[in-house]
Amino acid sequence: MTSTARPLLNRRLAEFGTTIFAEMSALAVATGSINLGQGFPDTDGPEEVREAAVRALRDGRGNQYPPGPGVPELRTAIAAHQERRYGLSYDPDTEVLVTAGATEAVAAALLALLEPGDEVVALEPYYDSYAASIALAGGRRVPVTLRPHEGSFRLDLDELRAAVTDRTRLLLVNTPHNPTGTVLTRAELAAIADLAVERDLLVVTDEVYEHLVFDDAEHLPLATFPGMRERTVTIGSAGKTYSFTGWKVGWVTAAPALVSAVRAAKQFLTYVSSGPFQYAVAEALALPDSYYDAFRRSMRERRDILSAGLTAAGFEVFRPAGTYFVTTDIRPLGEKDGFAFCRALPERAGVVAIPNAVFYDDREAGAPFVRFAFCKREDVLREAAERLRAM
Ligand SMILES: *Cc1c(COP(=O)(O)O)cnc(C)c1O
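Everything numeric here is computed off the predicted structure, so don't read it as measured data.

Trainee: Whenever I open this one, the overall build of the chain confuses me. Can you help?
Mentor: Counting its secondary structure elements, the chain contains 15 helices and 15 strands. For a compact globule of 391 residues, the expected C-alpha radius of gyration is about 21 Å, and the chain comes in at 21 Å, within 12% of that figure. When the backbone C-alpha atoms are referred to their principal axes, the chain occupies close to 55 × 55 × 50 Å. Every one of the 391 residues in the chain was classed for burial, and the buried ones make up 56%. For the chain, long-range pairs separated by at least 24 residues make up 74% of all intrachain contacts whose partners lie at least 6 apart in sequence. For the chain, the distance from the average position of its 42 positive side-chain charges to the average position of its 52 negative side-chain charges is 3 Å.

Take a look at the structure:
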């Protein structure tokens with residue numbers, strides 16, 4: 001211990017504590033509950049992709065430090081994916097950067113692009129690493145709250161406009177949106193793009209659920225909107241799309257000056273990571289459309305199983321248009337405090353969920369909402385639904 005009374009953890013991080021996922025996962029183990037808290041699949045991704053990783057490892061590809069920007073095979077595959085899917089053309093050498101998951105991409109982008117005191121306008125509820133990464137970068141977060149409207153959480157464009165000040169440096173966007181399952185519409189994205197251009201803002205957009213959109217929802221990258229390509233840092237990840245969240249292979253696509261800036265921060269965080277997995281993800285990115293169609297179909301079925309179970313159990317369900325999470329309102333159950341509800345749920349029903357309030361600065365606004373993950377086997381979801389109905 002130091003001799004001073006000064007706290008060990010610095011002021012930037014002190015407010016964050018331990019993530020709720022640690023507490024809830026421990027509770028799941030202690031009570032033998034079905035864990036629908038943390039968002040990771042309980043089945044691994046395609047066998048051929050796993051084999052590609054084994055092959056790379058055996059062949060000695062990626063076992064030593066790969067190149068700082070990522071292995072050329074992967075950068076080329078990422079660029080080809082953006083071109084094929086969205087007509088976005090990026091130079092694999094100057095406009096693509098491989099990162100240790102999307103988490104590092106977000107952190108490196110914010111560390112690179114913010115000066116202390118810069119304001120970051122972000123959609124609330126936030127993915128849990130955003131607030132901490134903004135804080136580490138010395139930025140100030142300015143939330144714009146998505147609010148329930150006719151069965152889904154929507155962005156109020158007037159509130160978004162009002163949140164931008166002369167100190168705003170960037171907009172931090174996430175679509176499809178975790179935890180609400182909202183997929184921003186073309187009109188909403190066009191309004192965000194107009195605002196960014198008008199106020200000359202940078203945009204960091206987390207699109208890790210780009211392939212998980214359901215029904216008639218469509219994922220549109222912000223970088224495809226007029227005036228956006230040169231000001232947008234687009235973030236993707238293999239974790240969610242290919243069900244290999246432990247590999248931590250993510251990426252950034254952006255104009256050369258933005259990629260250079262993000263790389264300047266990234267080189268001092270991890271420098272490089274996931275060597276052999278980078279080769280495997282390069283192969284995954286080239287999977288045929290049939291893979292993505294089947295993946296989407298299977299996740300949509302799981303969404304429907306869990307949503308039906310939650311509705312039958314008395315929750316109000318916000319039917320997600322994307323991601324693998326469903327947000328519910330617990331007020332129809334006579335409850336109003338998501339924290340207390342989630343702490344009691346393992347004992348009451350043998351199921352673990354996450355209180356959305358942890359993703360809000362405005363805890364009151366998030367209090368009645370609870371998130372369940374449906375990236376689990378169908379029999380597990382059916383059992384969870386049955387337990388909740390019996391509660
Ligand atoms: C899971 C998730 C991430 C983290 O992705 P990694 O590639 O595992 O770092 C980032 N953003 C959102 C919205 C997520 O849900």
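The rest of the description comes next.
Trainee: How do you make sense of the site of the ligand when you look at a structure like this?
Mentor: Every residue close to the ligand is listed here: G101, A102, T103, Y127, N174, N178, D206, V208, Y209, S237, K240 and K248. Contacts to the ligand include D206, whose side-chain N or O atom sits 2.5 Å from a nitrogen atom. One nitrogen or oxygen atom from the side chain of Y209 is found 2.7 Å from an oxygen atom belonging to the ligand. Protein burial of the ligand: of its 390 Å² of free accessible surface, 94% is covered by the chains. Of all the cavities here, the one that holds the ligand is the largest pocket. With three residues, helix α5 (residues 101-113) is the single largest residue contributor to the shell around the ligand. Of the residues belonging to the shell around the ligand, the class tally is four nonpolar, five polar and three charged.

Trainee: Quick question: what am I supposed to make of the sheet that holds strand β14 (residues 354-355) here?
Mentor: Think of a sheet as strands paired side by side through backbone hydrogen bonds, with each pair either parallel or antiparallel. With antiparallel pairing, four strands are arranged side by side in an open sheet as β11-β12-β15-β14. Each having just a single partner strand, β11 (316-318) and β14 make up the two edges of the open sheet. Bridging between β11 and strand β12 (residues 325-329) involves three bridges; their strand directions are antiparallel. Paired with V317 across the two strands is T328, which belongs to β12. Packed onto the sheet, helix α12 (residues 289-312) meets β11, β12 and β15 (369-373) and runs at close to 10° relative to β12.

Trainee: Would you mind going over the pairing of β12 with me for this structure?
Mentor: Every other side chain in a regular strand lies on the same face of the sheet, so the side chains alternate between the two faces. Of all five residues making up β12, five are buried, and the element is well covered by its neighbours. Burial along β12 is two-sided: the residues F325, T327 and D329 and V326 and T328 are all buried. Counted between consecutive antiparallel strands, the loop separating β11 from β12 contains six residues, among which T323 sits at a positive phi close to 70°.

Trainee: Even after reading the chapter, I still don't get the sheet that holds strand β4 (residues 140-145), so can you show me in this structure?
Mentor: Strand order in this open sheet of seven strands is β2-β10-β9-β8-β7-β3-β4, and the pairing throughout is mixed. Among the strands making up the open sheet, the edge pair consists of β2 (96-100) and β4. Averaged over all neighbouring strand pairs, the angle between strand axes comes to 25°, with direction disregarded. Where helix α6 (residues 128-136) meets the sheet, it contacts β3 (119-124), β4, β7 (168-174) and β8 (202-206), and its direction lies at approximately 160° from that of β7. Lying on the sheet, helix α10 (residues 256-266) is in contact with β2, β8, β9 (232-237) and β10 (249-253); it crosses β2 at an angle near 25°.

Trainee: Explain the layout of surface pockets here, please?
Mentor: To find leftover empty space, one rolls a probe the size of a water molecule over the atoms. Considering only enclosed or pocket space, the largest pocket measures out at about 1,000 Å³ in volume. Considering the residues around the largest pocket, the lining is formed by 43 residues, among which T19, F21, Y127, D128 and S129 are closest to the centre. Elements that contribute at least two residues to the lining of the largest pocket include exactly α2 (20-31), α5, α6, α9 (238-242) and α13 (338-349). Of the residues forming the lining of the largest pocket, the biggest block, five residues, is contributed by α6.

Trainee: Honestly, the environment of V317 in this entry has me stumped. Any pointers?
Mentor: Along the polypeptide, V317 turns up in strand β11. Residues V317 and T328, eleven residues apart in the sequence, show an inter-C-alpha distance of 4.6 Å. Those residues in contact with V317, other than ones at most four positions away along the chain, are S307, L310, T311, V326, T327 and T328.

Trainee: Can you walk me through α12 in this structure?
Mentor: For an α-helix the count is 3.6 residues per turn, leaving residues at separations of three or four pointing the same way. The end-to-end C-alpha distance of α12, which contains 24 residues, comes to 35 Å, matching closely the 34 Å that a straight helix rising 1.5 Å per residue would cover. Within α12, burial applies to Y291, Y292, F295, M299, R302, R303, I305, L306, S307, G309 and L310. A positive backbone phi angle near 105° is found at G314, which sits one or two residues after α12.

What counts and how
- Residues numbered from 1 in each chain as written.
- Predicted model: local features only at pLDDT ≥ 70, side-chain atom pairs only at ≥ 80, totals over all residues.
- Heavy atoms only, no water.
- Helix = DSSP H or I, 4+ residues; strand = E, 2+ residues; numbered from the N terminus.
- Rg over C-alpha atoms; globule rule 2.2 N^0.38 Å.
- Buried < 20%, exposed > 50% of the residue type's maximum accessible area, 1.4 Å probe, protein only.
- Contact = heavy atoms within 4.5 Å.
- Lys, Arg positive; Asp, Glu negative; His and termini not counted.
- Charge placed at Lys NZ, Arg CZ, Asp CG, Glu CD.
- Near = heavy atom within 4 Å.
- Polar contact = N/O pair within 3.5 Å; in protein donor to acceptor, adjacent residues only side chain to side chain.
- Areas by Shrake-Rupley, 256 points an atom, 1.4 Å probe, with all protein chains shown as cover.
- 1 Å grid on protein atoms, 1.4 Å probe; cavity = no way out; pocket = protein on both sides within 12 Å on 5 of 7 lines; lining within 4 Å.
- Sits in = over half its atoms within 2 Å of the grid points.
- Nonpolar A, V, L, I, M, F, W, Y, C, P; charged D, E, K, R; others polar.
- Pairing = 2+ DSSP bridges.
- Axes fitted to C-alpha atoms, helices over the stretch in contact; angles between N-to-C directions.
- Points joined across faces, edges and corners; volume = space filled by probe spheres on them.
- Expected span 1.5 Å × (residues − 1).

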